[in-house]
Amino acid sequence: MDVTQELRALEQDPQIVVSVEFLGRGICQACIGDISHGYREIGKLDSFNAAVEWLSEKARQNYPDSKYVRHLPALAR
């Protein structure tokens, strides 16, 4: 799955709320949380790819029972 597909999969999970904002000069801000609590974690990363990877890792850590994480291949968990 490429990073755009990965981000779409995260966005389609009803339990997780994510966003990626381009801040300029290649820097991105990634946010992850849920509807009940808002964004729980915010990270500044050096690229869009790094931002999506960070979101995926945070989803695995913070939302292990989410639809997104349950559908990840076993090696990616």
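Calculation criteria
Residue numbers restart at each chain and count upward from 1, following the sequence in its written direction. In view of the model being predicted, local features appear only for residues whose pLDDT reaches at least 70, and side-chain atom pairs are presented and counted only at 80 or more, with totals across whole chains, interfaces and linings using the full set of residues. Water and hydrogen atoms play no part in the side-chain values, which are based on all heavy atoms of the structure. Only buried Ala, Val, Leu, Ile, Met, Phe, Trp, Tyr and Cys residues count toward a nonpolar core, and they belong to the same one when joined by side-chain atoms within 4.5 Å. Between buried and exposed lies partly exposed: a residue is buried under 20% and exposed over 50% of the maximum accessible area for its type, with that area taken using a 1.4 Å probe on protein chains only. In this description a helix means any DSSP run of H or I spanning at least four residues, a strand means any run of E spanning at least two, and both kinds are numbered starting from the N terminus. Note on contacts: a residue pair is in contact if any heavy atoms of the two residues lie within 4.5 Å. Two strands pair if DSSP finds at least two bridges between them. For helices, the axis comes from a line fit to the C-alpha atoms of the stretch in contact; other axes are also lines fit to C-alpha atoms, and the angle between any two N-to-C directions lies between 0 and 180 degrees. Here the angle decides the label: under 35 degrees means roughly parallel, over 145 means roughly antiparallel, 65 to 115 means roughly perpendicular, and every other value means oblique. Two helices crossing with the near one rotated counterclockwise from the far one by less than a right angle form a left-handed crossing, whereas a clockwise rotation gives a right-handed crossing.

Some thoughts on the nonpolar core
Leu10, Ile16, Val18, Ile32, Leu55, Ala59 and Tyr68 are the most contacted members of the largest nonpolar core, which has 17 residues in total. Listing elements by their share of this core, those giving two or more residues are α1 (3-12), β2 (27-34), α2 (48-62) and α3 (67-70). Those residues in contact with Ile32 that sit more than four places away from it in its chain are Ile16, Val17, Val18, Tyr39, Arg40, Glu41, Trp54, Leu55, Lys58, Ala59 and Tyr63.

Some points on the sheet that holds strand β3 (residues 38-45)
The pairing of strands in a sheet happens through backbone hydrogen bonds and is either parallel or antiparallel. The three strands lie next to each other as β1-β2-β3, forming an open sheet whose pairing is antiparallel. Strands at the two margins of the open sheet, each flanked by one partner only, are β1 (17-24) and β3. On average, each strand axis in the sheet is inclined to that of its neighbour by 20°, with strand direction left out of account. Relative to the sheet, α2 contacts β1, β2 and β3, its axis offset from that of β2 by approximately 20°.

Details of the pairing of β2
Counting buried residues along β2, seven of its eight residues qualify, which places the element largely inside the surrounding structure. Relative to β2, β1 runs antiparallel, the two sharing seven bridges. Within β2, the position partnered with Ser19 by the bridge is Cys31. Here β1 folds back onto β2 in antiparallel fashion, the turn holding two residues, of which Arg25 has a positive phi close to 55°. As paired elements, β2 and β3 share seven bridges and run antiparallel to each other. Directly across from Ala30, in β3, lies its bridge partner Gly43. Between β2 and β3, which follow one another and run antiparallel, lie three residues.

Regarding the packing of α1 against α2
Where α1 contacts α2, the two axes come as close as 10 Å, and the packing angle between them is 40°. By the angle between their axes, α1 is oblique relative to α2. Relative to α2, α1 is oriented so that their crossing is left-handed. Contacts between α1 and α2 involve Val3, Thr4, Glu6, Leu7 and Leu10 on the former and, on the latter, Phe48, Asn49, Val52, Leu55, Ser56 and Ala59.

Brief notes about the environment of Asp65
Topologically, Asp65 is positioned in the loop between α2 and α3. Assessed through its relative accessible area of 59%, Asp65 is described here as exposed. Spatially, the C-alpha atom of Asp65 lies 9.2 Å from that of Gln15, the residues being 50 residues apart in sequence. Every residue in contact with Asp65, bar those within four places of it in the chain, is listed here: Gln15 and Arg70.

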